[in-house]
Every structure is written in C-alpha cells, then in structure tokens.
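# Architecture and fold: a report
Below, each chain spelled out in residue letters.
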Amino acid sequence: MTLHQPPGGQPLRSVDALADAGLVPPERQDALQAVAARYAVSVTSAMADLIDRADPKDPIALQFIPDAAELVTLPQELADPIGDDAHSPVEGVVHRYPDRALLKLVHACPVYCRFCFRREMVGPGGDALTGAKLDAAFAYLAARPEIWEVILTGGDPFILSARRVREVARRLAAIPHIKVVRWHSRVPVVDPARISADYAKALRIPGKASYIAIHANHPREFTDDARRAIAALADAGHVLLSQSVLLKGINADEATLSGLMRVFVENRIKPYYLHHPDLAPGTSHFRLTLEEGQALVKSLRGHLSGLCQPTYILDIPGGAGKIPVGPSFLSGCETPGAEAAAEDRHGTRHSYPPA
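Let us look at the structure shown here. (Residues numbered from 1 in each chain as written. Predicted model: local features only at pLDDT ≥ 70, side-chain atom pairs only at ≥ 80, totals over all residues. Heavy atoms only, no water.)

## Things to note about the packing of aromatic side chains
To describe a pair of aromatic rings, you give the distance between the ring centres and the angle between the ring planes. According to the stated counting rule, one finds five aromatic pairs in the structure shown. Grouping aromatic residues by their ring pairs yields a cluster made of F158, W183 and Y199. Here R119 stacks its cationic end above the ring of Y39, 3.6 Å away from the centre of that ring. Here K298 stacks its cationic end above the ring of F329, 5.3 Å away from the centre of that ring. (Phe/Tyr/Trp six-rings, centres within 6.5 Å; stacked < 30°, edge-to-face > 60°. Lys NZ or Arg CZ within 6 Å of the ring centre and 35° of its normal.)

## A short note on the sheet that holds strand β10 (residues 330-331)
What the three strands build is an open sheet, ordered β10-β11-β12; its pairing is antiparallel. Each edge of the sheet is formed by a strand with only one pairing partner; in this case those strands are β10 and β12 (349-352). (Pairing = 2+ DSSP bridges. Helix = DSSP H or I, 4+ residues; strand = E, 2+ residues; numbered from the N terminus.)

## Things to note about the side chain of Q243
Mapping Q243 onto the fold places it in strand β6 (residues 239-245). With residues up to four places along the chain from it excluded, the contact list for Q243 reads H184, A213, I214, H215, A216, F264, Y272, Y273 and H275. (Contact = heavy atoms within 4.5 Å.)

## Details of the sheet that holds strand β7 (residues 269-275)
Read from one edge of the open sheet, nine strands run β1-β2-β3-β4-β5-β6-β7-β8-β9, paired in mixed fashion. Since the sheet does not close on itself, it has two edges, and those belong to β1 (93-97) and β9 (321-324), each with one partner. Adjacent strand axes in the sheet meet at a mean angle of 25 degrees, parallel and antiparallel pairs treated alike. By the bridge criterion, six bridges tie strand β4 (residues 180-185) to strand β5 (residues 209-215) in an arrangement that is parallel. Bridge assignment links H184 to a residue of β5, and that residue is A213. (Axes fitted to C-alpha atoms, helices over the stretch in contact; angles between N-to-C directions.)

## Re unusual backbone geometry
Backbone torsion omega between G154 and G155 reads 20 degrees, so that peptide bond is classified as cis. Positioned with a positive phi, R268 is a non-glycine residue whose angle comes to about 65 degrees.

## Remarks on the packing of helix α10 (residues 254-266) against helix α11 (residues 290-300)
For the pair α10 and α11, interaxial distance at closest approach is 10 Å and the crossing angle is 55 degrees. The angle between α10 and α11 places the two elements in the oblique class. Note that α10 runs across α11; the crossing there is right-handed. Listed contacts from α11 to E254, L257 and S258 of α10 are L296, S299 and L300. (Parallel < 35°, antiparallel > 145°, perpendicular 65-115°, else oblique. Left-handed = near helix turned anticlockwise from the far one by under 90°.)

## Focus on the packing of helix α5 (residues 131-142) against helix α6 (residues 162-173)
Interaxial distance between α5 and α6 falls to 11 Å at its minimum, and their mutual angle equals 30 degrees. When the axis of α5 is compared with that of α6, the two are roughly parallel. Between α5 and α6 lies a crossing of right-handed hand. On α6, the residues that touch L134, D135, F138 and L141 of α5 are R164, E167, V168, R171 and L172. When the residues that make up the contact of α5 with α6 are grouped by side-chain class, the tally is five nonpolar, no polar and four charged. (Nonpolar A, V, L, I, M, F, W, Y, C, P; charged D, E, K, R; others polar.)

## Re the environment of I51
Considering the arrangement of structural elements, one finds I51 in the loop between α3 (45-48) and α4 (59-64). Along the backbone, I51 and A61 are 10 residues apart, and their C-alpha atoms lie at a distance of 5.7 Å. Residue contacts for I51: discarding those within four places in its chain leaves L23, D58, I60, A61, I65 and R220.

## Some details on the layout of surface pockets
Of the volumes computed, that of the largest pocket is approximately 1000 Å³. As for the largest pocket, its lining consists of 45 residues, and the residues nearest its centre are F117, R118, T153, H184 and Q243. Counting residues per element, the lining of the largest pocket draws most heavily on β5, at four residues. Of the residues belonging to the lining of the largest pocket, the class tally is 25 nonpolar, nine polar and 11 charged. The calculated volume of the second largest pocket comes to roughly 390 Å³. Lining the second largest pocket are 20 residues, and of these R28, P56, A61, L62 and I65 sit closest to its centre. Considering only residue class, the lining of the second largest pocket consists of 10 nonpolar, two polar and eight charged. (1 Å grid on protein atoms, 1.4 Å probe; cavity = no way out; pocket = protein on both sides within 12 Å on 5 of 7 lines; lining within 4 Å. Points joined across faces, edges and corners; volume = space filled by probe spheres on them.)

## Considering the environment of V93
Among the secondary structure elements, V93 is positioned in strand β1. When its relative accessible area of 0% is taken as the criterion, V93 is described as buried. The spatial distance from the C-alpha of V93 to the C-alpha of R170 is 18 Å, given a sequence separation of 77 residues. Residues contacting V93, with those up to four places away along its chain left out, are H87, S88, A101, L102, L103, A137 and Y140. (Buried < 20%, exposed > 50% of the residue type's maximum accessible area, 1.4 Å probe, protein only.)

## With respect to empty space enclosed by the protein
The final tally for this structure, using the stated rule, is one cavity of 30 Å³ or more. Its boundaries defined by the atoms lining it, the largest cavity holds a volume of some 50 Å³. Forming the walls of the largest cavity are Y39, A40, Y112, C113, R114, C116, R119 and V122. Looking at the lining of the largest cavity residue by residue, the class counts come to six nonpolar, no polar and two charged.

Written out as structure tokens, the structure reads:
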C-alpha cells in the first residue's frame, strides 16, 4: 500500500506521546494505557493544535483523546454494530442495499475517533485491499449491473497516495454500470495538508459523478487550512456532502449543531447525514437518547436555512440498514379521511384538511 505523506508533524500515536504533548495529564497516563492497548490512538498535528489543554471538556479533545470510559462495554454494544460482516460477499465489499456497495480500501485512518463504529476493525497496520483481494472486489462490482453507486471508505481512503487513488479511479471508470462514486473521508478537516489540487484532481473518476462525504463534528474543525482543502475539492468538481455524529458533550446542543451545519454550507458542503451514535463497544458516554436527538434536530427547523438541515439517521443494529428518525411535524393523517395536525416552528398546531 502506498500512503500519501504530507508535510507537517507526525501524528501522536500513543498515550506517552499524548502526555508529552500536554494532552494527557500524568496522573491519567497509566490508566489510559489499557484503552490504547484495545483501541487505536492517533491524533494529527492539526487536531492537537486545536485542543484547549486548559479545558478538560474540550470538544476536540473528547473526539480523539482516549478516555477510561471506553473500557466500559454495555450488553447491547456490538463489535460489528451495523452488521458489515453479514453483508460482505467478498473481502473489502459490503453490499447491503441493491443499488450501491461499499469498497473498503484500507483499515487505517489519520485519526481514530473515540466513538468510531468500526473501532474493533481499524488501526495501524491493518491490511489494505491489494493484489488478489482487490481484484476479487472489483470483479464482484463488475459482475453486478445493479450496482449504480460505489462508496469508497475504510478506514479512510484519503490516506492513499495520489498514484494509488488514480489506479482505483481507472478501475472504477472501466465498469460501465457504475455511475456514481462517493468517497468518505475525515482527512480534509483533520489532516488538510494531504489535500493538494493534484490530489483533488486524482479523486475524479472519468465518466462518473463524483461525491465526497466529509466527516466533521464541531465548527472549530474548520480551520483556515481545512477550508482551503475543502475548496480544492469543490473547485476540482466534486459535490461535497457532510457526515456528522450527534455526540454528547461535543455537538449535542442547538448552538453548536447550528454552527456546524452553517459552516458546512458556507464551505459548499451540503448537510447530509447526522448519525445517532452506533452501539460500538465503549461508546455509551457519547450517546444521548433518540428522544433527545429528535428534540434537538427539531429545534433546527425554522431557525436554520433549509440548506442547513441534515437527515437524522439511525443505523439499525445488526445490519438491517439506515432509517431516518427525525422528528415529525405532522400527526393525525394515519386515519383515512381524518384531518391532520401540522406543527409549525413555534410549536403551534394547525389543522390541514384530508384530500
């Protein structure tokens, strides 16, 4: 596997390195070694520089710095919470929905989010999809004309070199029934030095519509460098979408969530999915209830532009797929011929006649 090595400092990949950087107090260092032994640790210099070391509840730190709470696994938490394995016909491919499939090119990331739903499967040294395994994955995609969209994920595919990305693009371009290619990445905000104009161009796949879903969870992640990287992707012709996770202590309040959605739109990124946290092991301290999430998402309606409204999504545990779980503003229409009640942004209910 060829990785793209950008300029700048090396990621912090151990508790000791985090402590040396002032990101973990000495009295917590020993306790966090057990967390790092189980779940991968990596914090890029771009994210380390954003962390307020004087704030124990800094929302950037909470996303990337290990916490002893991660060693608490609840009975309902699952190693494979969204059931990737059950829908993986060949290594590297997840084919859950008829018209689209995931292609997981790598198992490593530049940062390891403490709430990651694939935390049991990703980490340094994870095998990349190469050689015969990559050939088998492409053969599967090529043999199924129902696959209209391929979603490139991992790990984070943007850790690959431009040369490797061009190779993947060439092979996807040769499959005529694939019309849409979507890349999913955290890199543009957590390691923006990787995204050059050349790299952005390498991600384009001839003859295919190109989408990039950019994962960010807090407005502070949009540094000047991140904004430049995102602009390079947009200027290269990619359609940009957002991916975020609703996280207690990080973005689960109206002001922060509103700010995040606005900064997406300001940077030509259309808010797409706001995920309810998956039931990954050791992540319960990030989860709020679905009712709390619905109330928060409901508070955005009418206060934010329609461009800023994400879809609140639950990935049903075990592999049954994603469903929208956003709040309803309409009631009573379940009964044929009955009058419906439509609730406006102020909470006032208005009657609406049946057809």
